[in-house]
Amino acid sequence: MAKVAFLGLGVMGYPMARHLKAKGHEVTVYNRTAAKAEQWVAENGGRAAKTPREAAEGQEIVFACVGNDDDLRQVTLGPDGAFHGMGKGTIFVDHTTASAEVARELYAAANDTGFSFIDAPVSGGQAGAENGVLTVMCGGDEEVYAKAEPVIMSFARASRLLGPAGSGQLTKMINQICIAGLVQGLAEGIHFGKKAGLDVEAVLEVISKGAAGSWQMENRGKTMNQGKFDFGFAVDWMRKDLSIVLGEARKNGASLPVTALVDQFYADVQKMGGKRWDTSSLIARLDK
Ligand code: NAP
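Residues numbered from 1 in each chain as written. Predicted model: local features only at pLDDT ≥ 70, side-chain atom pairs only at ≥ 80, totals over all residues. Heavy atoms only, no water.

As recorded in an unreviewed UniProt entry, the chain goes by NAD(P)-dependent oxidoreductase and comes from Microvirga tunisiensis. For the chain, the Sequence similarities (unreviewed entry) comment in UniProt is given as "Belongs to the HIBADH-related family." (UniProt positions renumbered as here; feature names shortened; annotations may be inferred.)

Written out as structure tokens, the structure reads:
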């Protein structure tokens with residue numbers, strides 16, 4: 001069993017830290033809004049720290065899951081950041097969806113001070129975190145990853161090292177590219193079905209068994225048809241992820257015309273008041 005800390009008890013971090021505790025690890029938590037950390041300790045035991053630095057002191061592995069690149073820099077490199085408290089030979093595992101650039105920057109900063117960094121964004125959403133069945137995409141050094149993997153598996157169904165620092169974030173970008181175009185296709189199909197006067201639920205039931213089937217169709221088709229979006233993965237988060245994707249594509253020369261277009265469609269959804277709606281709300285701008 002390991003001595004670990006978890007920084008950022010949001011929708012994802014809160015249950016991820018809970019799974020670490022349930023597997024028997026010794027867990028210290030930190031959250032910017034301290035009340036949430038206190039609530040976590042009241043529910044799960046363990047200890048709450050006042051700063052990321054204090055949380056990191058004396059741990060073998062420190063996990064984080066915060067919002068974006070700037071938030072991540074703040075909890076690692078900031079004045080009371082975790083990197084000032086990391087011991088030699090320890091590991092920092094970051095589950096934030098962030099840029100490959102910040103992953104490489106933090107990898108280098110960690111190595112300079114004698115500890116290691118793994119970028120490890122996740123897929124599977126709130127339900128995946130609650131049920132401990134996330135997919136984790138990692139970048140970093142093999143021997144470091146081998147040490148962290150058994151602990152990561154406390155809240156994951158699958159975890160894999162994809163290459164050097166930044167490779168986890170690049171893999172997560174591919175994940176989001178694949179989702180963006182697919183959800184727009186599904187939205188157009190359902191919108192067309194309504195206009196054609198078909199029983200869309202029956203249509204989805206039959207075509208989901210064939211070549212058009214997908215996770216999105218299985219899990220979101222029905223609610224898209226009903227116009228329900230008050231759950232799931234928020235449009236604001238998706239736009240953050242797509243801006244990371246498009247920034248990386250500008251650097252590596254990848255051509256992503258559909259992803260760029262869908263990003264603008266999500267901007268329309270934000271203007272319609274859908275900042276916190278699930279990503280399946282792309283259909284709302286077609287049906288309006
Ligand atoms: P969330 O519920 O908004 O939680 C964000 C957490 O980060 C909170 O604990 C927040 O603290 C903390 N935080 C943010 N900025 C901070 C800062 N500058 N300093 C210190 N703490 C800070 O977000 P989430 O849904 O858990 O998502 C977290 C990450 O996972 C994001 O990168 C997201 O893209 C990614 N992700 C989310 C999902 C999903 O379905 N939600 C799925 C896959 C990946 P406070 O409590 O004080 O605000």
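(A) How the structure looks around the pattern of salt bridges. The tally for this structure, following the rule as stated, stands at 12 salt bridges. The partner of Arg-220 in a salt bridge is Asp-278, and the shortest N-O contact between them spans 3.0 Å. You can see Arg-220 sitting in helix H10 (residues 215-226) and its partner Asp-278 sitting in the loop between helix H12 (257-271) and helix H13 (284-287), a full 58 residues away along the chain. Owing to a relative accessible area of 1%, Asp-278 belongs among the buried residues under this scheme. Residue Asp-268 pairs with Arg-285 through a salt bridge whose shortest N-O separation is 2.9 Å. Of the two residues, Asp-268 is situated in helix H12 and Arg-285 in helix H13; the sequence distance between them amounts to 17 residues. The exposure class of Asp-268 is partly exposed, given its relative accessible area of 27%. In this structure, a network of salt bridges that share partners links the residues Asp-70, Arg-73 and Glu-105. (Salt bridge = Lys/Arg side-chain N within 4 Å of Asp/Glu carboxyl O. Helix = DSSP H or I, 4+ residues; strand = E, 2+ residues; numbered from the N terminus. Buried < 20%, exposed > 50% of the residue type's maximum accessible area, 1.4 Å probe, protein only.)

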